[in-house]
Amino acid sequence: MNEISRRDEVSLSGAALRGAPWKAAAIGGGAVTAASYGMGLLTGGGDLVWALGLGISLFALIAAIGAVSKPGEGDRVTRQARQWSLQHPWKFSLLPAGITAVLDYPVQLVLDGEGVFGSAWHSLWHGALVYLIAGILTLSMRGRARTAR
């Protein structure tokens, strides 16, 4: 019985994200937000809420994929957490999806004006998209877990 609890799964995902490229994720998310909003302004349809949602989603994706891209680096705990993440990509992807939904909710609530439930719905959709993309990308990187052992 090597089953672990949901709490332990979240802890392992967090440990894997400990060595994520947070600065690159913030720069990438910010650049995409600025470019998206700027292009929208140039074409006459700038939507700040959409641009911020896109930037937040990209921020979480860059952090998630950057964290598991080098499973052999870091201390022993981080390496083991990254190995677990590559072996369980769908469980690992729950944390970046949750980060996206939590960061996106205030943006939706304050700037979009759709109310509590409408904002929650949009945030959950953004989180679901990050879950799907991060899961697929982490699944495609599974071979790294075998080579890092």
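Before any of the text, the structure's been laid out above.
Not measured: the values here are computed from a predicted model.

J.: I would appreciate a short explanation of the overall build of the protein chain in the present structure.
T.: Assigned secondary structure in the protein chain consists of eight helices and zero strands. Referenced to the eigenvectors of the C-alpha coordinate spread, the extents of the protein chain come out at roughly 55 × 30 × 20 Å. Within the protein chain, buried positions represent 37% of all 149 residues. If you take every contact in the protein chain between residues at least 6 apart in sequence, the share linking residues at least 24 apart comes to 74%.

J.: Sorry if this is basic, but what is going on with the environment of A134 here?
T.: Along the chain, A134 turns up in helix α7 (residues 115-140). Between the C-alpha atoms of A134 and A25, which are 109 residues apart in sequence, the distance is 14 Å. Apart from the residues lying within four places of it in its own chain, the contact partners of A134 are L61, I65 and S93.

J.: Looking at this structure, I do not really get the pattern of salt bridges. What am I missing?
T.: Once their charged atoms are close, side chains differing in charge can pair, the charge on each being opposite to the other. Inspection of every chain in the model, using the stated rule, returns three salt bridges. Where R6 meets E9, a salt bridge forms, and the shortest distance between an N and an O atom there is 3.0 Å. One end of the pair, R6, and the other, E9, are both in helix α1 (residues 6-17), three residues apart, so they sit about a helical turn from each other. Using a relative accessible area of 54% as the deciding quantity, one classes R6 as exposed. Using a relative accessible area of 8% as the deciding quantity, one classes E9 as buried. E9 is the partner of K91 in a salt bridge, and the nearest nitrogen-oxygen pair spans 3.2 Å. Of the two residues, K91 sits in helix α5 (residues 89-92) while E9 sits in helix α1, which places them 82 residues apart along the sequence. Taken together, the shared-partner salt bridges connect R6, E9 and K91 into one network.

Reading the values: rules and limits
Residues numbered from 1 in each chain as written. Predicted model: local features only at pLDDT ≥ 70, side-chain atom pairs only at ≥ 80, totals over all residues. Heavy atoms only, no water. Helix = DSSP H or I, 4+ residues; strand = E, 2+ residues; numbered from the N terminus. Buried < 20%, exposed > 50% of the residue type's maximum accessible area, 1.4 Å probe, protein only. Contact = heavy atoms within 4.5 Å. Salt bridge = Lys/Arg side-chain N within 4 Å of Asp/Glu carboxyl O.

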